[in-house]
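What follows is the residue order along each chain.
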Amino acid sequence: MSMIAVTALAFAFAVSVGLTVLVRFVARRRGFVAHPRADRWHRRPTALLGGIAIALGFAVPVLSFGQIHDVGPIVGLSLLVAGLGLIDDLFRLGPGTKLVSQTVIAAAALFLGYRLGWTGSLTVDSLLTVVWLVGLANAFNLLDNMDGLAAGVAAIGAAGYLVLAVTSGTPADVVMLSALVGATLGFLVFNVHPASIFMGDTGSLFLGFTVALLATRLGPGLGAGGASAIIVPVAVLSVPIFDTTLVTFIRSLAGRPISAGGRDHSSHRLVALGLPEQRAVLVLYGCAAAAAVAGLSGFYLDVTHANILLGLFTVGLAFFGVELAHVRVYNPADLVNGPRHGVVLVLKTFNSSLHFLDVLLDICITTLAYYTAYRVRFRDPAFVLYFPLFLHSLPLVVATTVASLWAVGAYRGRWRHFGLRDAAVLVRGTALAAFASVTAVSYLYRFERYSRGVFVISAVLTLILLSVGRASFAWVHRLARRVRRARERVVLYGAGATGEAALREARSGRAALDVVGVMDDASDGRERRLQGVRMLGGFDALIETVGRQGVDGVILATSRLDAARLEILCAACAERDVFLLRYRSGFESILTDGHETGPTGREPGENSDEVSVGAPS
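To start, this report covers the structure provided alongside it. Source: prediction; values computed, not measured.

Thoughts on the overall build of the protein
- A count of helical and extended segments in the protein gives 21 helices and 11 strands.
- Counting over 617 residues, the protein shows a buried share of 52%.
- Considering only contacts within the protein whose residues lie at least 6 apart along the sequence, 73% involve residues at least 24 apart.
- Accessible surface, the protein as shown: approximately 26,900 Å² in total, 64% of it carbon and sulfur.

Side note on the environment of Gly274
- For Gly274, the position within the fold is in the loop between helix H11 (266-272) and helix H12 (277-300).
- Given a relative accessible area of 7%, Gly274 falls into the buried group.

Describing the packing of aromatic side chains
- The tally for this structure, following the rule as stated, stands at 19 aromatic pairs.
- Arranged with centres 4.0 Å apart and planes meeting at 10°, the rings of Phe378 and Tyr386 form a pair that is stacked.
- Under the relative-accessibility criterion, Tyr386 is labelled partly exposed at 22%.
- Summarising the aromatic geometry, the rings of Trp406 and Tyr411 are spaced 5.6 Å apart at their centres and angled 45° between planes, so their arrangement reads as tilted.
- When its relative accessible area of 43% is taken as the criterion, Trp406 is described as partly exposed.
- We classify Tyr411 as buried; its relative accessible area is 5%.
- Linked through ring pairs, Tyr370, Tyr371, Tyr374, Phe378, Phe383, Tyr386, Phe387, Phe390, Tyr445, Phe447, Tyr450 and Phe455 together constitute an aromatic cluster.
- Above the ring of Phe383, the side-chain terminus of Arg375 is found at 3.8 Å from the ring centroid.
- Across from the ring centre of Phe539, 5.0 Å away, lies the NZ or CZ of Arg565, which sits over that ring.

Points about helix H1 (residues 2-30)
- The first and last C-alpha atoms of H1 sit 41 Å apart over 29 residues, in line with the 42 Å expected at 1.5 Å per residue.
- Elements in contact with the buried residues of H1: strand S1 (33-34), strand S2 (46-47), helix H2 (51-65) and helix H7 (171-191).
- Of the residues flanking the end of H1, it is Gly31, one or two places downstream, whose phi is positive at about 80°.

Examining the pattern of salt bridges
- The full count for this structure, using the stated rule, is eight salt bridges.
- Close ionic contact of Lys98 with Asp88 constitutes a salt bridge, the shortest N to O distance being 3.2 Å. With Lys98 in helix H4 (residues 95-111) and Asp88 in helix H3 (residues 68-91), the pair connects residues that are 10 residues apart, well separated along the chain. Just as Lys98 is buried, Asp88 falls in that class too.
- The shortest N-O distance in the salt bridge between Arg565 and Asp521 comes to 3.1 Å. Of this pair, Arg565 sits in helix H21 (residues 563-575) while Asp521 sits in the loop between strand S4 (513-519) and strand S5 (529-530), placing them 44 residues apart in sequence.
- The network of salt bridges with common partners includes Asp88, Arg92, Lys98 and Asp201.

Let's talk about the nonpolar core
- Counting 119 residues, the largest nonpolar core has Phe58, Trp132, Tyr161 and Phe209 as its most contacted members.
- If you tally residues by element for this core, the top one is H7, at 12 residues.
- Ignoring any residue separated from it by four or fewer positions in sequence, one finds Tyr161 in contact with Trp132, Leu177, Val211, Ala215, Leu218, Pro233, Val236 and Leu237.
- In terms of nonpolar packing, the next biggest core, distinct from the first, is built from 19 residues, Leu492, Leu503, Val515 and Ala557 among them.

Side note on the side chain of Ser178
- In this fold, Ser178 is placed in helix H7.
- Judged by relative accessible area, which is 0%, Ser178 ranks as buried.
- There is a polar contact of 3.5 Å between the side chain of Ser178 and the backbone oxygen of Ala5.
- In this view, Ser178 contacts Ala5, Ala8, Leu9 and Leu162; residues no more than four positions away in its chain are not counted.

Let's talk about the side chain of Arg269
- Take Arg269: it is sitting in helix H11.
- A residue is classified by how much of its surface remains accessible, and Arg269, at 1% relative accessible area, is buried.
- Only 3.0 Å separates the side chain of Arg269 from the backbone oxygen of Leu324, close enough to count as a polar contact.

Rules used throughout
Each residue is numbered by its place in its chain's sequence as written, counting from 1. The predicted nature of this model means local features are confined to residues of pLDDT at least 70 and side-chain atom pairs, given and counted, to a pLDDT of 80 or more, with totals for whole chains, interfaces and linings taken over all residues. For side-chain calculations, the full set of non-hydrogen atoms in the structure is used, while hydrogens and water are omitted. For helices the rule is a DSSP run of H or I covering at least 4 residues; for strands it is a run of E covering at least 2, with both sets numbered from the N terminus onward. Summary of the burial criterion: residues with accessible area below 20% of their type's maximum are buried, those above 50% are exposed, and those between are partly exposed, where the area comes from a 1.4 Å probe applied to protein chains only. It only takes one pair of heavy atoms within 4.5 Å for two residues to be counted as in contact. Using a 1.4 Å probe, the Shrake-Rupley method yields the accessible areas, and only the shown protein chains count as cover for residues. Classification of ring pairs uses Phe, Tyr and Trp, with its six-membered ring standing for Trp, and accepts pairs whose centres are within 6.5 Å; under 30 degrees between planes counts as stacked, over 60 as edge-to-face, and the remaining range as tilted. Geometrically, a charge over a ring is one whose NZ (Lys) or CZ (Arg) sits within 6 Å of the ring centre while staying within 35 degrees of the ring normal. The span expected for a helix works out to 1.5 Å for each residue beyond the first. When a carboxyl oxygen of Asp or Glu lies within 4 Å of a side-chain nitrogen of Lys or Arg, that pair is called a salt bridge. The set of buried Ala, Val, Leu, Ile, Met, Phe, Trp, Tyr and Cys residues whose side-chain atoms join them within 4.5 Å is what this entry labels a nonpolar core. Polar contact is defined as a pair of N or O atoms within 3.5 Å, subject to the rule that within protein one atom must be able to donate a hydrogen and the other to accept it, and that residues adjacent in sequence are counted only when both atoms are side-chain atoms.

Now the structure itself:
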């Protein structure tokens, strides 16, 4: 079947490339383009409807290579979802209309016999199937927020399923998954940064629904009702699931509408940490690849190794989520209508004062370490005999570990700095936890049949996982600071829609600029932020900042600056050798002292590439 896979993938890739070029041409001619907006990431009009090329790039090879009675229903349902996305791209359907339409199509898939085999109950599995199909379609729709992100993650997920299909699927499964990978990669050629075409809802809904639908076909090969039937499909597609869960949770805490667009997804938070747009996308590609490997381990590896690998991936993803959740992406002024009641307010209070998410993460780490220790100490079939001891003592181990870490101060402050003192705190905490665990188990169960080696191994693993997790965040923040230091430090004047667009452009990696502060005359002096960057005051504060020579340049992103103040600013910048840029559709130099100055203060003749940083070519 490998030859079929290669042929179908190559054919789909070629069809998708050709159709993408055609669709892009037609979209530009007919005006079907996405214009820059305050709540979107792109900065120039970009062709839409690229999802048509993906959908047809998938359908044509599948219908050419597959048996119509076998692949026809999948193609038909997928094209229905693509059609729904196309209507939304052209006419803007309401959220309720889209949700109902997606549910109807998911119900049609259920009627045709596509059902998950997760619980063994037909009723429960039917409900889960509808939620799975509709949820994944919308998850990819939310994930489509940065150039190449949704398409790349979909291709990686489909490739993971393809590996599974080659081993345990049918020829039809291989053809469809190969075609999906090829069609997505063909579109990705034109969608990587800087994208010349977007897939729109046509492509994102199609990709999410089709990948989810094909997962239901692979379910019987995993053993209906078995643990792997649940773990494998969820793990392979955990990145879009993770992003949707994170956005939903944080927006609920912030009192923001879940269905509204915004720049608060995983990719945007990575950019806010200091990563350029391309690197942020590559990080999520890496997460998707790790997810695919972890998911496939649930099928190909024995239970011992699969559970440990899946546990490590889950803990790593949890660390990732906790750190991203702490990245500031909302302007505090936008949160005046924040949560006022119920569970949301309680969770927000717990997380800020009791480090709720940090404690929850350490509970996961402790559980994984204790389970792994039992697996290392006792091989099958002995593990089955000792598993009840693990279950009985697990609550004690978790409780004593968290309490010990709290007692030694492991939950004070954040993880952006990790040194010898922090490592010493973790050593004391895990040592105290091991002693307390053994004491508690001895008191309650007289330590009968328990192994001292298990507690030693568990303590060592807990210390390693806690240290690696916290050190990894410190390393990420050091890397982000290094990236920012490699850029020239600038302040932004103007906090409106143009200012937000300029800030996105500066962070995108196209311009070697690091915005360290925002100035605006509307600033009331209180602590406020624009996309996580502090607002430092008005025009007087801007002149004072330039006078201290604490920055390399200034970006003007407002049209409200009169000629007199502009002259004052130009004089201050010229005196301190600070470059001055204006942002419109890109960064443009402003005339100072009769010369066009680029971002390093040199004249254009010295380096023509620096005359207009990030300006359209």
